[in-house]
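# Summary of structural features
The chain contents come next:
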Amino acid sequence: MDTVPAATCDPDKPFAQIIVPTVDTVRYTYLVDSLLAGGKHVACVGETGTGKTLALSAKLLEGMPPEVQPVFMTFSARTSANQTQDIIDSKMEKRRKGVFGPPPGKRCVIFVDDLNMPQCEKYFAQPPLELLRQWFDHGGWYDRKPPCPFRTIVDTQILGAVGPPGGGRNPVSARLLRHFNVISFTELSDGSVARIFTTVLGAFLHRNFNDSIASLTQQLVLGTVELYNAIRAELLPTPYKSHYTFNLRDMSKVVQGLMRADPKTTAAPTQIVSLWLHENSRVFEDRLTCPEDHAWFRE
């Protein structure tokens, strides 16, 4: 982290667009940068809430050479092979007969979020992924308009974000994955999580509130991290409580709720602590379904 500029947080920026670099994100973006510079396809695998989409989008928008032309796509369960082909073809220019690519002198990097989200068809294939595999194996695909010439795609790479199977996501065929260099995004350590939310919440409290409230930043964040870890350890999902799945997005909702505090009506430290208790109850306790779990949470 000594070579990374100190993080500066703008509280006026939309919460979902605030990026605080950590040791993990610096490592991941360096690997992605090196692989893309070498012309490789990259797949980033990790649980929901590990920052794949945010880190990769920021890297493509702000941290790439000027010759790189980023394209953003998001797959869903209803994405079809035809839609995928049309979107990519619309970004390509004709180089010569049968050869297409980004404008001369440019290199296109297509970021595909939720790469494994497309629904499986009758024979368990995912048509959009099979289209990409045809491109990787044979260098392009066929135009759908007669006489259906073969379109060779050049100077283009894929950067994909892949979540674990389950919750609408499907396993990805090894025939496709073999073309990717896979980077695993692990869950952030408690220190990294505390650094992120302390930076974000601290910038907001120091700008809008007095020192007595702003000095509570670290205690509020560490308390949220401790509560989050306790909930994940004790309140595990079961067949009757399959929705007991908690990730970093839940903790970010608590911090985001604290950042909605109004300086006109919040003047005492006890008020910001009351708001913190309310936000934890709203985010975590409202998901609990039985009296025993509610009693455990309130203890």
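Preceding block: the structure.
Here goes a summary of the coordinates provided.

Conventions adopted
- Residues numbered from 1 in each chain as written.
- Predicted model: local features only at pLDDT ≥ 70, side-chain atom pairs only at ≥ 80, totals over all residues.
- Heavy atoms only, no water.
- Axes fitted to C-alpha atoms, helices over the stretch in contact; angles between N-to-C directions.
- Helix = DSSP H or I, 4+ residues; strand = E, 2+ residues; numbered from the N terminus.
- Parallel < 35°, antiparallel > 145°, perpendicular 65-115°, else oblique.
- Left-handed = near helix turned anticlockwise from the far one by under 90°.
- Contact = heavy atoms within 4.5 Å.
- Nonpolar A, V, L, I, M, F, W, Y, C, P; charged D, E, K, R; others polar.
- Buried < 20%, exposed > 50% of the residue type's maximum accessible area, 1.4 Å probe, protein only.
- Polar contact = N/O pair within 3.5 Å; in protein donor to acceptor, adjacent residues only side chain to side chain.
- 1 Å grid on protein atoms, 1.4 Å probe; cavity = no way out; pocket = protein on both sides within 12 Å on 5 of 7 lines; lining within 4 Å.
- Points joined across faces, edges and corners; volume = space filled by probe spheres on them.
- Expected span 1.5 Å × (residues − 1).
- Core = buried A, V, L, I, M, F, W, Y, C linked by side-chain atoms within 4.5 Å.
- Pairing = 2+ DSSP bridges.

## Focus: the packing of helix H6 (residues 190-208) against helix H8 (residues 217-234)
- With their axes 9 Å apart at the nearest point, H6 and H8 run at an angle of 140 degrees to one another. As the angle between them shows, H6 and H8 are arranged oblique. Crossing hand, H6 versus H8: right-handed. For the pair H6 and H8, contact is made by Asp 190, Val 193, Ala 194, Phe 197, Thr 198, Leu 201, Gly 202, Leu 205 and His 206 and by Thr 217, Leu 220, Val 221, Leu 222, Val 225 and Asn 229, respectively.
- Residue composition of the contact of H6 with H8, by class: nine nonpolar, five polar and one charged.

## So, unusual backbone geometry
- Note that the residue after Pro 146, namely Pro 147, is joined by a cis bond; omega there is 5 degrees.
- Tracing the sequence through the fold places Pro 147 in the loop between strand S6 (140-142) and strand S7 (150-153).
- One non-glycine residue, Phe 124, lies in the positive phi region at around 70 degrees.
- Mapped onto the fold, Phe 124 is located in the loop between strand S5 (107-113) and helix H4 (127-138).
- Phe 124 sits in the exposed class, given a relative accessible area of 71%.
- Although it is not a glycine, Cys 148 sits at a positive phi angle of roughly 55 degrees.
- Tracing the backbone shows Cys 148 in the loop between S6 and S7.
- Overall, the relative accessible area of 34% leaves Cys 148 in the partly exposed class.

## With respect to the side chain of His 41
- Looking at where His 41 falls in the secondary structure, it is placed in strand S1 (residues 41-46).
- Within polar-contact distance, the side chain of His 41 engages the backbone nitrogen of Ile 158 at 3.0 Å.
- In this structure His 41 touches Phe 136, Thr 156, Gln 157, Ile 158, His 179, Phe 180 and Asn 181, once residues within four positions along its chain are discounted.

## Quick notes on the layout of surface pockets
- Roughly 390 Å³ of volume is contained in the second largest pocket.
- Taken together, 21 residues form the lining of the second largest pocket, with Glu 47, Arg 232, Thr 245, Phe 246 and Asn 247 sitting closest to its centre.
- With three residues, H8 is the single largest residue contributor to the lining of the second largest pocket.
- Looking at the lining of the second largest pocket residue by residue, the classes come out as 10 nonpolar, seven polar and four charged.

## Here's the deal with H8
- Look at H8: 26 Å from first C-alpha to last across 18 residues, which is about the 26 Å you get at 1.5 Å a residue.
- All of the buried residues in H8 are Thr 217, Leu 220, Val 221, Gly 223, Thr 224, Val 225, Leu 227, Tyr 228 and Ile 231.

## Thoughts on the nonpolar core
- If you look at the biggest cluster of nonpolar residues, it comprises 39 residues, and the most contacted ones within it are Leu 201 and Phe 284.
- Mapped onto this core, the elements with two or more residues apiece are H6, helix H7 (211-214), H8, helix H9 (248-258) and helix H10 (269-283).
- Considering every element that reaches this core, the biggest residue donor is H6, with eight residues.
- Setting aside anything within four residues of it in sequence, one finds Leu 201 in contact with Thr 217, Leu 220, Val 221, Val 255, Leu 258 and Met 259.

## Some remarks on the environment of Pro 118
- Here Pro 118 shows up in the loop between S5 and H4.
- Judged by relative accessible area, which is 0%, Pro 118 ranks as buried.
- Spatially, the C-alpha atom of Pro 118 lies 21 Å from that of Gly 51, the residues being 67 residues apart in sequence.
- Setting aside its immediate chain neighbours within four residues, Pro 118 contacts Phe 75, Ser 76, Ala 77, Thr 79, Gln 126, Pro 128 and Asn 170.

## Re the sheet that holds strand S3 (residues 93-96)
- Strand order across the open sheet formed by four strands is S3-S4-S7-S6, with mixed pairing between neighbours. Two strands in the sheet have a free side with no partner beyond their single neighbour: S3 and S6. Neighbour to neighbour, the strand axes of the sheet diverge by 35 degrees on average, direction disregarded.
- Where S3 meets strand S4 (residues 99-101), three bridges bridge the pair, whose relative direction is antiparallel. When the sheet's bridge partners are listed, Lys 94 is paired in S4 with Phe 100.

## Here's the deal with the sheet that holds strand S9 (residues 180-185)
- What the five strands build is an open sheet, ordered S2-S5-S8-S1-S9; its pairing is parallel. On the outer flanks of this sheet lie strand S2 (68-74) and S9, each paired with one strand and no other. Averaged over all neighbouring strand pairs, the angle between strand axes comes to 20 degrees, with direction disregarded.
- As paired strands, S1 and strand S8 (residues 156-162) are joined by four bridges and run parallel to one another. When the bridges of S8 are listed, Ala 43 appears paired with Gly 160.

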